[in-house]
Amino acid sequence: MGKKFTQTQVIDGDKGWIQADGQVQDMPKDAVAEMKEQKYAEDLDRLAFLSEKGIEFSMLDEIKVEVKPAVGVLVRSKGHRDVKLYFDKTSGLLVKRAHRLLDPSSGKEVLQEVVFSDYQEKDGLKHVRKIVAFREGKKIIDARVTEITFFDKLDEKVFAKP
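Residues numbered from 1 in each chain as written. Predicted model: local features only at pLDDT ≥ 70, side-chain atom pairs only at ≥ 80, totals over all residues. Heavy atoms only, no water.

Draft legend 1. The arrangement of the packing of aromatic side chains in detail. All told, the structure shown has 0 aromatic pairs when counted by the stated rule. Directly above the ring of Y86 sits K96, whose terminal nitrogen or CZ lies 5.8 Å from the centroid. (Phe/Tyr/Trp six-rings, centres within 6.5 Å; stacked < 30°, edge-to-face > 60°. Lys NZ or Arg CZ within 6 Å of the ring centre and 35° of its normal.)

Structure, rendered in structure tokens:
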């Protein structure tokens, strides 16, 4: 709906807090655990897991993502929910992630699918600019990345709870 907002999420061991539009709130332990699981799935987007031990891969059937053919990989790791990653068959870019998560409003495990598109290059790397997320088929996020900034290092104060 064109509304801009700022959100910061911090996990420190088994504690966490979230700040959304200036409002700070501690997260209960179960919310921290779920955030860690969500972060695990999101980290798979960057393919950093390829060198990790204990990760199992298997091929998925080809699907269409926004009418384009995509090849998929099922990623399994002990202690985590399975994650499906789909890559555009022509460009090789990630176009979809599908995994189960606990819906905070219902407390039930649901399917979340995130579609990535409109890749643009910055500093020699392609970055997604459009992200659309669905839970159980219902659109929950339709976002456009308007700015990307890379930092060599961030001051620890950035992560300090306000």
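Continuing now.
Draft legend 2. Structural detail: the nonpolar core. Counting residues in hydrophobic clusters, the biggest one holds 14 residues, and the most contacted among them are Y40, L44, V75, V83 and L85. Looking at this core, the elements with two or more residues in it are α1 (29–44), β5 (68–77), β6 (83–88) and β8 (109–117). The next biggest cluster of nonpolar side chains, apart from the first, holds 5 residues, and it includes V65, A70, Y86 and V115. (Core = buried A, V, L, I, M, F, W, Y, C linked by side-chain atoms within 4.5 Å. Buried < 20%, exposed > 50% of the residue type's maximum accessible area, 1.4 Å probe, protein only. Helix = DSSP H or I, 4+ residues; strand = E, 2+ residues; numbered from the N terminus.)

Draft legend 3. Quick look at the environment of K64. Within the element layout of this structure, K64 appears in strand β4 (residues 55–65). We classify K64 as exposed; its relative accessible area is 58%. In sequence terms K64 and D88 are 24 residues apart; their C-alpha atoms lie 8.9 Å from each other.

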